[in-house]
Amino acid sequence: MKKLPISQHILEIVSDAGEGAQKAGSIFAQTTAKMGNYLWTVELIPSEIQPPPHTTRSSSGIRIRFGSEPITNGGNLTNLIFVFNEMSLLARLEAHALAEEVIVFIDNQWASDPNPDIVRQYQQILAELSQRGADIYELALSQEVEPFTEDPQKGKNMFVLGVLGFLYQRDIDLLQACAAKAFSHKSAQVLASNRALIQAGYAWGQGQLDFCFSIPLLPHAAPMVTLNGNQALAYGAIAAGFELCSMYPITPASSVAHTLANIFEEFGGMVHQAEDEIAAIGVALGANYAGKPAFTVTSGPGMALKTEFMGLAVITETPLVVVDVQRGGPSTGLPTKIEQGDLLSSLFATPGDAPKVVLAASSIADCFHLMKTARTLAEELRILVILLSDSNLATGMQLFERPAISAISSSPPHAAEMESLPYHWDKLTGVPPRLIPGVSQKVGMTSSLNHSEAGLVRYDSLANEAAHQMRSHKLATLRKCLKPPAVLGEEEGDLLLIGWGSTKGAIAEAVQIARGNGLKVSHLHLVFLNPLPPRLKEIGAGFKKIVVVELNYQDVPGDPYTKDAPRLSQLALLLRSHTLLPIESFARVWGRAFMPQEILTQIEQEILALEAS
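Along each chain, numbering runs from 1 in the same order as the chain's sequence is written. In keeping with the predicted nature of the model, local features appear solely for residues at pLDDT of at least 70, side-chain atom pairs appear and are counted solely at 80 or more, and the whole-chain, interface and lining totals rest on all residues. The basis for every side-chain value is the complete set of heavy atoms in the structure, and neither hydrogens nor water enter the calculation.

*Asks:* Please explain the state of the cysteines as it appears in this structure.
*Replies:* Two cysteines joined by a covalent bond between their sulfur atoms form a disulfide. Cysteine sulfur atoms are paired as a disulfide whenever they come within 2.5 Å of each other. A complete count under the given rule lists zero disulfides for this structure. Of the cysteine sulfurs around Cys367, a residue in no disulfide, the closest is that of Cys245, at 14 Å.

Right, dumping it as structure tokens:
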């Protein structure tokens, strides 16, 4: 038996939708994290609810990058893939996701299928992979599973989990325990069947394979936790002291509410599923007006429907947190794919001048911690706060330091004293006191129309100008409190990459490799997108070129139709207007996250272009 030492690997498990590849991968990831490896997962989700089986459209699964050093992104090309049919394999080939020398495990039932077309395509796909240098292992997966379950299609994933447990030398008892927890709601018969299948898969690996991998397990200095981004948002909401999550189901945000629905009542909270997106934000806004900390969670199409109530939050100066788990757009767009397309709409979609704070999570840990930041800012400034996540974070599992329990705060909002007027703005900060019905003893009026400090409707020019000015002062006040963003690398050089959101890990990894190769490149990542932090122009002036890396649309360089006035990506456009620097962009809308190698290639091209100019 050859034990192949590796520091990290990228594994994929892919099947037809409904065959349990994601569940098997999730259990494998949990086991891996508990054993002491770092990881990042990416769910591969078909866009249709019930796609036609045995087609590339029905390909569903999970991608797991894991190793002995901290991991911040999904990595580059896949090292090993376990597929249940050849069409799932073809889908990953067409996605250009597989390394040239990828190790492939595949169910060989399709090699003898009654349909000659299926047999032919099975042979053709494997032949193409073999020519590329792939190492292919065919196994009679259905036959191996039959002794343990009445429906082989429902047991393959647990057998595969056992095979992978052997391949990567996972602790079999821990693997069984994680599987039992994942299926704890199932019958004793199902649990016993799963246990037998995992054991059989592990035994098959021992008996049929002459190699396995050895990945070092490193002890952690502090307690660690493994969550995906939506779970982290949910737990972060509890830690921040929110008492209500009001939402309407939408991909990929729904599992925030699903997580909360299981545990929120234990902490005095509740989940309200409204009849639509408009009602959801209305309930959250009303709860905050009444002094109950509430937030609403949605994705792009839901954000479009919530804009009117966002405007109401701004003009009434009622604290409100809106979480947007971004997906591909416009309209329903790509419901299960990643895109960072909601930045400009978050800033400007609300009619009129409507100042709000916009934050972006860049890691799973950020999803947890920024919920408290969002609530604090919303209540201290009496302002609308939009927290941007995305589908890469939503389903990606990451190992990070377990937050301290003492960080949990459930303090109620502070109500103003008797002598306060509802909009008696502080002339320096723009922040008015907060009157809470039934708590504050002062009587106030609230209106969606422009108003005076007393809350009375006012239509005159001076009153309107004053209200706008005070609301704008809140952002200026916050900006004065922000620190300049940290720069990874030197604060001057040839190239500065700027990013936001979940691109952080891939950009940072590419920049570290480039710097190791002697290139003068640095990286700056933004959490606050409105207001923008200070010193951006001064930092940018230290570099010959600035390129924003983000996952939204830009016109293709060199396109003859757009070369006279090409559209920039969203953050690049925003930073150009803010700094007046000649900022460019490297942006793509592939429906998947950047690979570090893709960013590294762009860095090398940018440096070569600078040297040639």
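Next, the rest of the story.
*Asks:* Looking at this model, I keep getting lost on the packing of aromatic side chains. Mind explaining?
*Replies:* Each pair of aromatic rings is reported with the distance of its centres and the angle of its planes. Pairs were defined over the aromatic rings of Phe, Tyr and Trp, the Trp ring being its six-membered one, requiring ring centres within 6.5 Å. Orientation was assigned from the angle between planes: stacked under 30 degrees, edge-to-face over 60, tilted for the rest. On inspection of all chains with the given rule, the structure shows 13 aromatic pairs. Aromatic pair Phe166 and Tyr202: ring centres 5.8 Å apart, planes at 85°, arrangement edge-to-face. Of the two residues, Phe166 is situated in helix H5 (residues 156-167) and Tyr202 in helix H7 (residues 188-208); the sequence distance between them amounts to 36 residues. Residue Phe166 shares its accessibility class with Tyr202, and that shared class is buried. Ring centres of Trp590 and Phe594 lie 5.9 Å apart, and the angle between their planes is 80°; on these two criteria the pair is classed as edge-to-face. Think of it in three bands: with a 1.4 Å probe and only protein chains considered, a residue is buried below 20% of the maximum accessible area for its type, exposed above 50%, and partly exposed in between. For Phe594, a relative accessible area of 5% corresponds to the buried category. Starting at the N terminus, helices and strands are each numbered in turn, a helix being any DSSP run of H or I of at least four residues and a strand any DSSP run of E of at least two.

*Asks:* Looking at this model, I keep getting lost on the pairing of strand E21 (residues 543-550). Mind explaining?
*Replies:* Two faces, one strand: in a regular strand the side chains alternate between the faces of the sheet. Counting buried positions over the eight residues of E21 gives seven, a clear majority of the element. The pairing of strand E18 (residues 493-500) with E21 spans five bridges and is classified as parallel. The residue of E21 that forms the bridge with Leu496 is Ile546. Chirality of the crossover, the property in question, places the unit of E21, helix H18 (residues 570-579) and strand E22 (residues 584-587) among those that are right-handed. A strand pair is defined by DSSP finding two or more bridges across the two strands. Classification remark: right-handed applies to a crossover when, strands pointing away from the viewer, the course from the first strand over the helix to the second runs clockwise.

*Asks:* Where do I start with helix H16 (residues 504-516) in this structure?
*Replies:* One turn of the α-helix equals 3.6 residues, which is why residues spaced by three or four share an orientation. Here the expected span of a helix is defined as 1.5 Å times the quantity of residues minus one. Taking 1.5 Å per residue, 13 residues should reach 18 Å; H16 reaches 18 Å between its end C-alpha atoms and fits that length. Of all the residues in H16, the buried ones are Gly505, Ala506, Ile507, Ala508, Glu509, Ala510, Val511 and Ala514. Note on contacts: a residue pair qualifies if any of its non-hydrogen atoms lie within 4.5 Å across the two residues. Looking at the buried positions of H16, the neighbouring elements they touch are strand E4 (59-67), strand E17 (487-488), E18, strand E19 (521-526), E21 and helix H19 (596-612). Positive phi appears at Gly518, one or two residues downstream of H16, with a value of about 90°.

*Asks:* What is the right way to read helix H1 (residues 21-35) from this model?
*Replies:* Its 15 residues give H1 an end-to-end C-alpha distance of 21 Å, which sits within 8% of 21 Å, the value for a rise of 1.5 Å per residue. Among the residues of H1, those classed as buried are Ala21, Ala24, Gly25, Ile27, Phe28, Ala29, Thr31, Thr32, Ala33 and Met35. At the exit of H1 stands Gly36, carrying a positive phi of roughly 120°.

*Asks:* Before we go on, may I ask you to explain the side chain of Asn157 in this structure?
*Replies:* Relative to the assigned elements, Asn157 resides in helix H5. Aside from chain neighbours lying at most four places away, what touches Asn157 is Glu19, Gly20, Ala21, Lys23, Ala24 and Phe84.

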